[in-house]
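Structural description and commentary
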Amino acid sequence: MAEAADFQGTSASPARRWLRRTGALLAGAPLLAGLLQLPAAAPAQAASADTVSVSLDTLTPSAPTDGDTLTVSGTVTNNGKQTVTGAHVGLRVGPLLDTRSAIDSVAQRSDDPQGGTGSEVGGKYVEKFAKLSPGVAEHFSISVPVDKLDLGDDGVYEFGVSLSGQTAAQPWDQVLGIQRTFLPWQPSEADTKTKTTFLWPLISTVHMTAKTGAGELQTPVFLNDALAKELAPGGRLAQMVELGKDLDVTWVIDPDLLASVDAMATGNYRLPGDGDATTPGPKDHQAIAKQWLADLQDAVTGKEVVALPFADPDLASLAHNGTSVTGSLSHLKDATDVAATTVKTVLHVTPSTDFAWPVDGSVDPAIMKVATSAGADRVIARSDSLQDTAGLPYTPSAARPVGGGTTAVVSDARLSTAFTGDLTKAGSATLSVQEFLAQSLEVNAQTDKQRSIVVAPQRMPTGSQAQAMAAALKALQGGNWSESQDLGAAAKDKPDPNATTRIPSASSYPSSLRAQELPRSAFEQIARTQDKLGSFQVILSDQSRVVTPFGRAINREMSASWRGRSAEANSYRNGVESWLDNLADQVKLIDKSETKLSGRSATIPVTVQNNLVQPVGHLVLRLTSSMPTRLKIGGKAYSEQPVEISGGHSQSVKFTTSANANGRVTVVAQLYTEDGQRYGNAVSFDVKVTEITPTVMLVIGGGVLLLVLAGFRMYTQRKRAAARQSEEDGPGTADDPTDEPGNPDAPADRLPEEAEEPEEPEESGSASGAEAPQHPSDPAPDTAPESADPSGTGERVDR
């Protein structure tokens, strides 16, 4: 972005030019004297004399005014191999910096001992050390009244803390180490103050899975217990709330974080255990979550709250890799719709959902289109993406109308990135605070026009970064050149007509950011999971038990927090899909072994099992014969019956069959949803038909009849033979004692007629048995006679 002193029309006043020239002469005098007194090789040796490091740990007040006493403290460390003698720490006030670029230049060489940083304050405002041994760090603290610093015009001054001394190899007094920073000087109220909006983000990584318990409360299962660490006193999120409550900021909140903390606060969360088991979350974490929510509710009271779409979806990934996958944009709409409800339910405030925030504020036409597709009409961009191309000598206001009723709210890149990096060391944090304040003051000094500036820091500041942000904001709010403003007001401010409104092309999107995006395969898997969810939910009596947790899990799969964690993102998506498959498999057909059908007609039972806790319905079971000419189901090739099963029960669905021929027939059972979609895996089994057909029965009947006729003929012939024999013997034979019935002396070939009659019942008995064959429609033992009606939805059946 162009700076005031880099362009025409913003030249410094004559008094300021005189002070700058005078300061330059004074700063150059000691250097000139040194050049005259030192040997020829001395300057070269001094150029490499950077053996002492200086850490500026505190500088208070950060933006001093008249009457203040400036206190500077820190440490000096001898990193060389030689002892430094005659050392002292001094304070140096450099020239007035009148452009933002000049501030950048000083920041880039903040610890370079070469080059001047003005003259040393000197006198009693130094701290002396007789010697600095190698590897030893010495603490220092210097306090000096501001009026001793000889500060002139309002503005930003280069400020340095230096360690001077000498070594055995270089026995002359020289600067061996320095730390440069900035001293904002605005002792009185500025005529025009910059309106500053600072976003305070409450965003975390994904913590909740798609799994929930079977009870009424549907206890969610977390990935781990990392969230409790962030919420605990001293944790990152605990510090964000504690620090932000006293600041004039706009809270930018991910509703998924609130939903996760709320689940912990009610004690309804579980953690992964051994295998597929889970364990309850610690009870003390419930108290931590409750306290954090209570503190947050107090902190946001009366403040502006902006709700991002649920789980903070990665808009750039969606724009570049997801829009070509059917249904991807619908998830962004769902995430936006649920955002306001979640925030209002948990925090009891009504948030704004008009803002979209791409990662790092980087935009291109595709990102802008996706960002506004779910209803947001304001996109938070950043000035290093939507760069000024008009050559303005000042930083324009944040609001930029970019067409189509959309406003790009452009945050200032320098201010927004001031608190990145490792700020765990006090020295690094102090430098960040001073540079932030310097840039802010310089923005205000660029022009007499009042402007609205937005600061959008990184999404998830660390605890040390948050502390530095809070320190800078407190100093800014207590300063004389800035006033606080909400994000909504900044977006509505009158835009600068000279500021650029051209959205950068896709080719200008940073390659480093593109490399971290979710790939197309991720959105394809999300679409596949959504399709499975759609098929599963139609059979449920209470769809919300599944649609809500899985819908939110799909939102989490698109979260911007997966950037740089592709392996974890892939694992999470696989876990969601796997768990959905597991639930869908709880409603299934029970495998069936071969069935023997020994009758002309019988019923075949097929068992459907529901291991879910809720009833299922809207299902149709179809039984299909592979050879309908041999075996028909319900009089045709296949038959269907509706299925409704209570939770935790099984149901036997019975189909009437009819056999036309002997043999083996494969039968396929398949569940379908009412709209004709297959549900679950099919079950195949064989039916062995052993029916006796009518033709066979005719043959068997004819054979039995022939046997009866043959027996009758034999009986008639024997009777006639006995009669002839009786006639040949003549009358009187009855007086023969040997002819008495039962006489053992009677001849065997002359048995009386009555003696042959007992054979007749034996013959007829044999025929009677043949006259009562088994009816061909009688069922075999494994298809016993039973009702063909389906059993009740709560009936338990055996396989």
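For the structure, see preceding data.
Since the structure is predicted, the reported quantities are computational estimates derived from the model, not experimental observations.

**A word on the overall build of the chain**
Check the secondary structure of the chain and you find 21 helices and 30 strands. Across the 799 residues that make up the chain, the buried fraction comes to 47%. A separation threshold of at least 6 residues defines the contact pool for the chain, and within that pool the share at least 24 residues apart is 78%. When the accessible surface of the chain is split by element, carbon and sulfur atoms take 51% of a total near 37,000 Å².

**Some words on the sheet that holds strand β1 (residues 52-60)**
Spatial strand order, β1-β2-β6: three strands in an open sheet with antiparallel pairing. The sheet terminates laterally at β1 and β6 (137-145), the two strands that pair on one side only. Strand-to-strand, the axes of this sheet are offset by a mean angle of 20°, without reference to chain direction. Across nine bridges, the pairing between strand β2 (residues 69-78) and β6 is antiparallel. Within the sheet, the bridge partner assigned to T77 lies in β6 and is A137.

**Looking at the environment of G302**
Assignment of secondary structure puts G302 in the loop between α7 (283-300) and β15 (305-307). Owing to a relative accessible area of 81%, G302 belongs among the exposed residues under this scheme. Along the sequence, G302 and V349 sit 47 residues apart, while their C-alpha atoms lie 9.1 Å from each other.

**So, the packing of helix α8 (residues 315-322) against helix α9 (residues 328-347)**
Across the interface, α8 lies against α9 with an axial gap of 10 Å and an inter-helix angle of 160°. As judged from the angle between their axes, α8 and α9 are roughly antiparallel. Of the two elements, α8 crosses α9, and the hand of that crossing is left-handed. Every residue of α9 that contacts α8 at L315, L318 and G322 is listed here: S328, L329 and L332. Of the residues that constitute the contact of α8 with α9, the class distribution is four nonpolar, two polar and no charged.

**Details of the pattern of salt bridges**
Evaluated as defined, the whole model comprises 22 salt bridges. Where K193 meets E189, a salt bridge forms, and the shortest distance between an N and an O atom there is 2.4 Å. A relative accessible area of 49% means that E189 is categorised as partly exposed. Residue K532 pairs with E577 through a salt bridge whose shortest N-O separation is 2.9 Å. Pair noted here: K532 is in helix α16 (residues 520-537) and E577 is in helix α18 (residues 566-584), with a separation of 45 residues, a long-range link. For K532, a relative accessible area of 29% gives the class partly exposed. Look at the salt bridges and you will find they share partners, linking R528, K532, E577 and D581 into a network.

**Some details on the sheet that holds strand β25 (residues 616-625)**
Ordered by their spatial adjacency, five strands build an open sheet running β23-β30-β29-β25-β27, and the pairing between neighbours is mixed. Only two strands of the sheet have a single neighbouring strand rather than two, namely β23 (595-597) and β27 (638-645). Across the sheet, the axes of successive neighbouring strands diverge by a mean angle of 30°, strand direction being ignored. Examined bridge by bridge, β25 and β27 share seven bridges and lie antiparallel to one another. By the bridge assignment for β27, T624 is matched with Y638.

**Some points on the environment of L227**
Considering the arrangement of structural elements, one finds L227 in helix α4 (residues 226-231). With relative accessibility at 0%, the residue L227 sits in the buried group. In this structure the C-alpha to C-alpha distance between L227 and L237, which are 10 residues apart in sequence, comes to 8.9 Å. Discounting residues that sit within four places of it in the chain, L227 has contacts with H207, F222, L237, L257, S260, V261 and M264.

**A look at helix α3 (residues 100-108)**
Buried within α3 we find R100, I103, D104 and V106. Down the axis of α3, the buried side of the element spans an arc of 165°, and every buried residue falls inside it. On its buried face, α3 sits against β3 (84-97), β7 (155-166), β8 (174-185), α11 (413-416) and α12 (426-445).

**Considering a nonpolar patch on the surface**
A cluster of nonpolar side chains, L705, L706 and L709, forms an exposed patch at the surface whose accessible area comes to about 320 Å². One can find L705 in helix α19 (residues 694-729).

**Remarks on the environment of L476**
Looking at where L476 falls in the secondary structure, it is placed in helix α13 (residues 463-477). Separated by 40 residues in sequence, L476 and F436 have C-alpha atoms that sit 9.2 Å apart.

**Focus: the nonpolar core**
Core analysis: the largest hydrophobic core is formed by 75 residues, its most contacted members being F536 and L621. In this view, F536 contacts V546, L580, L583, A584, L612 and Y679; residues no more than four positions away in its chain are not counted. Grouped together as the second largest cluster of nonpolar side chains are 65 residues, I253, L271, V349 and W481 included.

What counts and how
- Residues numbered from 1 in each chain as written.
- Predicted model: local features only at pLDDT ≥ 70, side-chain atom pairs only at ≥ 80, totals over all residues.
- Heavy atoms only, no water.
- Helix = DSSP H or I, 4+ residues; strand = E, 2+ residues; numbered from the N terminus.
- Buried < 20%, exposed > 50% of the residue type's maximum accessible area, 1.4 Å probe, protein only.
- Contact = heavy atoms within 4.5 Å.
- Areas by Shrake-Rupley, 256 points an atom, 1.4 Å probe, with all protein chains shown as cover.
- Pairing = 2+ DSSP bridges.
- Axes fitted to C-alpha atoms, helices over the stretch in contact; angles between N-to-C directions.
- Parallel < 35°, antiparallel > 145°, perpendicular 65-115°, else oblique.
- Left-handed = near helix turned anticlockwise from the far one by under 90°.
- Nonpolar A, V, L, I, M, F, W, Y, C, P; charged D, E, K, R; others polar.
- Salt bridge = Lys/Arg side-chain N within 4 Å of Asp/Glu carboxyl O.
- Arc of directions from axis to C-beta.
- Patch = residues over 30% accessible without salt bridge, like charges linked within 9 Å, V, L, I, M, F, W, Y side chains within 5 Å.
- Core = buried A, V, L, I, M, F, W, Y, C linked by side-chain atoms within 4.5 Å.

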